[in-house]
Every structure is written in C-alpha cells, then in structure tokens.
Amino acid sequence: MADRRDYYDVLGVARSAEPDDIQRAYRKLARSYHPDINKDPGAEDRFKEIAEAYDVLSDPETRRRYDAFGHDFRQVPEGVDPDTWARAGRARAGSGSRPGARGRAGAGARTGMGPEGTTFFGSSFDEDLDLEDLFGGVFGGGRAGPRVWGPIAGADQEVELQLSVEDAYQGGRRTLTIEGGDGTRTLEVNIPPGVTDGQRIRLAGQGGRGTGGASSGDLYLVVRLRPDRRYRVEGRDITVELRVSPWEAALGTTVALDTPGGEAKVRVPAGSSSGRRLRLRGRGMPNPRGRPGDLFAEVRIMVPARPSDEERRLFEELARVSTFDPRRRR
C-alpha cells in the first residue's frame, strides 16, 4: 500500500488538526471535486480519495487506529500494540518482503510476546519460520480487497444572493435561477426579514445531487447587500444622512426621514452640528430571533448654493451680530 497517499495529506491538514479543521477541509475539497460540479476526468477519483480520508479521520476511533497503524489499520485486530506491530513489520522487511521467506536462528535469538501469546522473533531463527504463516492471523487472513464504494452524498453548494437594503429589510419570497453542474434550476425562496450582509441561508437538500440513491447536499445562499447611496448598513444598524438647514440646526426642528421600513419622524435638538448622530432605537434591520438594530440619523447642515438677496442680507446681519466662533475649541 506504499502508493496510497497519507490521509492528512489528502485533506491538506496537519496531523494535529482539530475535528472542525478536518471538516472544513473536507467540505472545501468536496465542493471542488464532486463529479456533479467538476467534470474533469480525474475529479471522481480525487473525490473518492477525499471522501475516504474524511471517513477515516472524522471518526475519533478510526483516526486513532490510522495514526497507530497507517493504511493497515483495518487489518489489525483489536489489542495489538503499535510498537509490536512496527517491530513485526521491520522483521518482515528484513526477510526481503518475500512471502514464505525462511531463516535459521542461532543461539542469540531475541523473542518478544505479541497478542494472545504469539511469539515474534528478532534478528535470527533456530527453526524454519514462514512469516506469512506468522502474520496471517494478525493480517486477518491476507490483504484486504479493494474497497467497494457505496452511495455518495451530494456536495453542499454556495451561491451569492444579491439584495437591496429594502429587500433585505422586508424579506419575502424570491424566485432564483441557479446554474450548476446539474443544469439550470429555478427555486422559490422565502427570505426572512432582516437578513444581513454575509448571512447564510440554508436550503436543505437543494445542493449537489447524491449518487446511488444517497441524499443531496444543501444549498447555502450567501447574502450580499448592494451598495446604496442612502443607507449605510453595519450589522443590523443603519445610518441615514439627515440634511437640515442652518436655522433648523440652530433652532431645532422635527424632520420626516425615509427609512427602509418607511417614513420616520426625527426630532433635531436645537444647536445640532454636522456629524451629530440621532438614534432611533429598534428602527434598524429586524431580527426574528432577538433585538432589532438601531437607525442613526446623521446630521448634515446644508446651505443654499445661490442665496437670494434677502437670504444674503440676513446671513450678513447674522455674521455682524453673532459672537459664535466655530473654530474655537470648547
């Protein structure tokens, strides 16, 4: 079995990898090489190799035995000591790796006890010994036959779902057209209200098709919010620009504000400067499982680009009588 790759190398993980690391590596490789997705002639063999490696390393007991005995672990009976097995392998290699090899031991032969009283010999022998007979029971009666592959579950798949901020806020049913290795499909999807950028929506059984009657994988919709000049979304919080005139900012006012959830009234306190953030609690992105986000109205003071004669006169009068210095630190 020297031509078989190490299972850790197959998955591209270290021998000290945690179970989550092994699962992530498997999922990534399975998506790349699954025959339903990858039509390369060698993809199916590569996928089977990946699946076999994961089958062994994802189970703590089989992983322990594989670490101890390598690819022979299925042939080694329970209770065999790994060091004894290694010594037996070295003795076998020293015989020239020939079935039925025999030797003669001198008076200095070393012995060691294996499982159930079996005696393993060291460098030389004082009687005829057939190594295949010696190891036959340990190997379970000879080499294992080729593995017969059963049904293979379908691979999980991911596609991006582009949404406007309003659509993400409201949720609702959407019709999606998905192209993949198994052709073009049209799906009706119910988007929950308040989905956020990067959130994954799982559609069970809508991923790659399994083979041999095995179940299909899952389809994950990865939400991506389209850029919007009106709204800035951070998690579930939404920031909206609130434009006010100089006198509204100075005297205070109440302003109607458009939000993804509809119109909202915002009270601007007197003396508000540009950059002030006014919070409307719970008016951000909905959260079906918890507290919704907040909406922040960010004040921006606007001045007329072409003031009328009367406006200019009033601004000049204000400049003459006011003692306010915006550049003085307070």
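Our structure is the block above this text.
First, a word on what this report is: a plain description of the structure on this page. (Residues numbered from 1 in each chain as written. Predicted model: local features only at pLDDT ≥ 70, side-chain atom pairs only at ≥ 80, totals over all residues. Heavy atoms only, no water.)

**Observations concerning the pairing of strand β13 (residues 295–301)**
Bridging between strand β9 (residues 237–244) and β13 involves seven bridges; their strand directions are parallel. Across the sheet, Leu242 pairs through a bridge with Val299, a residue of β13. Pairing between strand β12 (residues 277–280) and β13: four bridges, direction antiparallel. Across the sheet, the residue bridging to Leu280 is Leu295, located in β13. (Pairing = 2+ DSSP bridges. Helix = DSSP H or I, 4+ residues; strand = E, 2+ residues; numbered from the N terminus.)

**With respect to the pattern of salt bridges**
This structure, assessed with the given rule, holds 24 salt bridges. Measuring nitrogen to oxygen at the nearest pair gives 3.3 Å for the salt bridge that ties Glu49 to Arg46. Taken together, the residues Glu49 and Arg46, both in helix α3 (residues 43–57) and three residues apart, mark about one turn of the helix. Using a relative accessible area of 23% as the deciding quantity, one classes Glu49 as partly exposed. In this structure, the salt-bridge partner of Asp218 is Arg202, at a minimum N-O distance of 2.9 Å. Residue Asp218 is located in the loop between β6 (200–203) and β7 (219–225), and its partner Arg202 is located in strand β6; the two are separated by 16 residues in the primary sequence. Each of Arg5, Arg46 and Glu49 takes part in a single network of salt bridges with overlapping partners. (Salt bridge = Lys/Arg side-chain N within 4 Å of Asp/Glu carboxyl O. Buried < 20%, exposed > 50% of the residue type's maximum accessible area, 1.4 Å probe, protein only.)

**Concerning the packing of helix α2 (residues 19–33) against α3**
Geometrically, a packed helix pair is captured by the angle between its two axes and the distance between the axes. Two elements in contact, α2 and α3, have axes whose closest approach is 9 Å; the angle formed by their N-to-C orientations is 165°. If you check the angle between α2 and α3, you find them roughly antiparallel. The crossing of α2 and α3 is left-handed. On α3, the residues touching Ile22, Gln23, Tyr26, Leu29, Ala30 and Tyr33 of α2 are Ala43, Arg46, Phe47, Ile50, Ala51, Tyr54 and Leu57. For the contact of α2 with α3, the residue count by class is eleven nonpolar, one polar and one charged. (Axes fitted to C-alpha atoms, helices over the stretch in contact; angles between N-to-C directions. Parallel < 35°, antiparallel > 145°, perpendicular 65-115°, else oblique. Left-handed = near helix turned anticlockwise from the far one by under 90°. Contact = heavy atoms within 4.5 Å. Nonpolar A, V, L, I, M, F, W, Y, C, P; charged D, E, K, R; others polar.)

Geometry only, nothing functional implied.
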